[in-house]
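# Close look at the chain arrangement
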Amino acid sequence: KYLEEDNLSEEGKKFLSNLPKEKGWLGSYAYNYQGFWVPQKFLQAVIAFQQQFQAQDSDIILVTTPKSGTTWLKSLLFALVNRVKHPTFEPNHPLLVENPHVLVPFLEHTLYFDGRTVDISTFTSPRLLATHVPFSSLPKSIQVSKTKLVYLCRNPRDTFISMWHFTNNLLLDQKDTDSIEEMFNLFCKGVSLYGPFWNHVLDYWKQSIEKPNKILFLMYEEIKKKPKIQLKRLAEFLECPFSIEEENSGVVDDILKMCSFENLSNLEVNRNEKFSTGEAYKVFFRRGEIGDWKNYFTIEMSDKLNHIIEEKFQGSGLKF
Ligand code: A3P
């Protein structure tokens with residue numbers, strides 16, 4: 001455990017001193033590790049995940065850019081995969097009494113947090129897991145196994161606004177909030193949680209085109225606009241398509257209703273409970289809308305990010 005924030009060992013100090021660092025979004029610093037920016041508090045966990053995790057062919061791993069709607073997709077995945085065992089809206093359905101992040105845990109933020117050793121080989125199959133780690137830094141066993149990856153991203157403008165609110169919320173009791181200007185400049189430089197944003201998205205996008213059976217590429221806006229189509233796409237990708245009977249009896253609609261922002265954000269568990277580490281579940285539910293960035297961006301910010309987006313995504317087939 002040589003990368004903990006306090007009492008760093010000489011070995012830990014040496015390791016960190018060789019990595020580029022910038023102001024962190026979650027206090028302290030962010031370190032550039034293998035080309036992406038990791039908050040100091042999660043670096044040890046990312047390394048433990050890379051070293052210890054053994055993928056199984058039946059695993060389903062949700063990969064997201066932070067603040068792209070991970071909580072939502074975790075709930076959709078859980079409801080979809082467990083729809084026989086847990087019919088939608090059954091009393092005490094796990095999603096009605098537990099937060100989606102507990103049901104579909106993050107590999108680095110939860111399971112390997114602090115670099116601990118965990119035995120997840122006994123989790124019931126298929127294991128539903130999540131990560132923010134970029135494609136090229138995933139443990140090799142994920143890349144070579146039949147593990148399915150579901151990727152989610154979101155318009156970078158809304159992602160930025162959501163990230164700024166979220167990190168300020170988490171920092172509230174520790175210090176003053178970070179200004180939007182400062183964080184915007186960092187985001188544009190690529191310094192965001194697991195950023196650069198564009199590298200993260202483009203790498204998974206390219207992989208999803210090369211290996212369409214391995215990686216499904218989803219966008220928050222598309223799920224918002226055509227939820228039924230996207231949920232059915234997800235079910236087909238995971239080889240558990242909805243039957244005609246299920247569609248006719250309203251299972252698709254029920255899953256979407258149960259996982260809606262409206263329903264999840266108003267549940268007692270998500271309004272009042274928190275992680276054992278102290279973060280309240282309610283910080284994962286803010287507005288859940290498309291285009292909130294327009295309420296915050298100046299014309300200069302808009303021009304600057306437009307320019308970067310154009311340059312980075314040019315020729316990729318992706319439009320934001
Ligand atoms: P906003 O901050 O724009 O409201 P993540 O889950 O990756 O941390 O992303 C959080 C974002 O997803 C927040 O966006 C949050 O409000 C939104 N969100 C959470 N649950 C949602 C749901 N069920 N449907 C749509 N958006 C949701």
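Residues numbered from 1 in each chain as written. Predicted model: local features only at pLDDT ≥ 70, side-chain atom pairs only at ≥ 80, totals over all residues. Heavy atoms only, no water.

Selection rule: UniProt positions are given in the numbering used here, feature names are shortened, and annotations may be inferred rather than shown by experiment.
By the naming in an unreviewed UniProt entry, the protein goes by Sulfotransferase and is assigned to Solanum stoloniferum. UniProt lists a comment for the protein under the heading Sequence similarities (unreviewed entry), and it reads "Belongs to the sulfotransferase 1 family."

### Things to note about the nonpolar core
Selection rule: The criterion is simple. A nonpolar core is a set of buried Ala, Val, Leu, Ile, Met, Phe, Trp, Tyr and Cys residues joined through side-chain atoms within 4.5 Å. Buried residues are those whose accessible area, probed at 1.4 Å on protein chains only, stays under 20% of the maximum for their type, while exposed residues exceed 50% and partly exposed ones sit between those limits. What makes two residues a contact is simply this: any of their non-hydrogen atoms within 4.5 Å.
One finds W25, F53, L107, L149, F160 and L305 to be the most contacted residues of the largest nonpolar core, which totals 67 residues. Excluding residues within four positions of it along the chain, F53 makes contact with A48, D59, I61, L107, Y112, I120, R127, L129, P139, S141 and I142. By size, the runner-up hydrophobic cluster in this structure holds 33 residues, among which are L218, I223, L231 and F237.

### Some thoughts on the packing of aromatic side chains
As a reminder of what qualifies: Pairs were defined over the aromatic rings of Phe, Tyr and Trp, the Trp ring being its six-membered one, requiring ring centres within 6.5 Å. Orientation was assigned from the angle between planes: stacked under 30 degrees, edge-to-face over 60, tilted for the rest. A positively charged side chain is recorded as over a ring if its NZ (Lys) or CZ (Arg) lies within 6 Å of the ring centre. The angle to the ring normal must also be within 35 degrees.
Inspection of every chain in the model, using the stated rule, returns 27 aromatic pairs. Residues F275 and F284 carry aromatic rings whose centres are separated by 6.0 Å and whose planes lie at 75° to one another, so their mutual orientation is edge-to-face. You can call F275 buried: its relative accessible area is 19%. Taken together, a centroid distance of 4.9 Å and an interplanar angle of 70° make the contact between F313 and F320 edge-to-face. One cation-aromatic arrangement involves K148 over F237; the distance from NZ or CZ to the ring centre is 4.6 Å.

### Notes on the sheet that holds strand β4 (residues 60-64)
To keep things clear, this is the line we draw: DSSP calls a pair of strands paired once it identifies at least 2 bridges connecting them. Only runs of H or I of at least four residues qualify as helices and only runs of E of at least two qualify as strands under DSSP, and these elements are numbered from the N terminus. Note on definitions: angles span 0 to 180 degrees between N-to-C directions of axes, and those axes are lines fitted to C-alpha atoms, for helices only across the stretch in contact.
Ordered by their spatial adjacency, four strands build an open sheet running β5-β4-β6-β7, and the pairing between neighbours is parallel. Of all the strands in the sheet, the pair left with one neighbour each is β5 (128-131) and β7 (215-219). Neighbouring strand axes in the sheet, compared pairwise and without regard to direction, differ in orientation by 20° on average. In terms of strand pairing, β4 meets β5 through four bridges, oriented parallel. Bridging from a neighbouring strand, L62 pairs with A130 of β5. Contacts between helix α3 (residues 70-81) and the sheet are confined to β4, β5, β6 (148-153) and β7, with β4 contributing the most and set at about 165° to the helix. Together, β6 and β7 form the strand contacts of helix α12 (residues 227-237), whose direction differs from that of β7 by roughly 170°.

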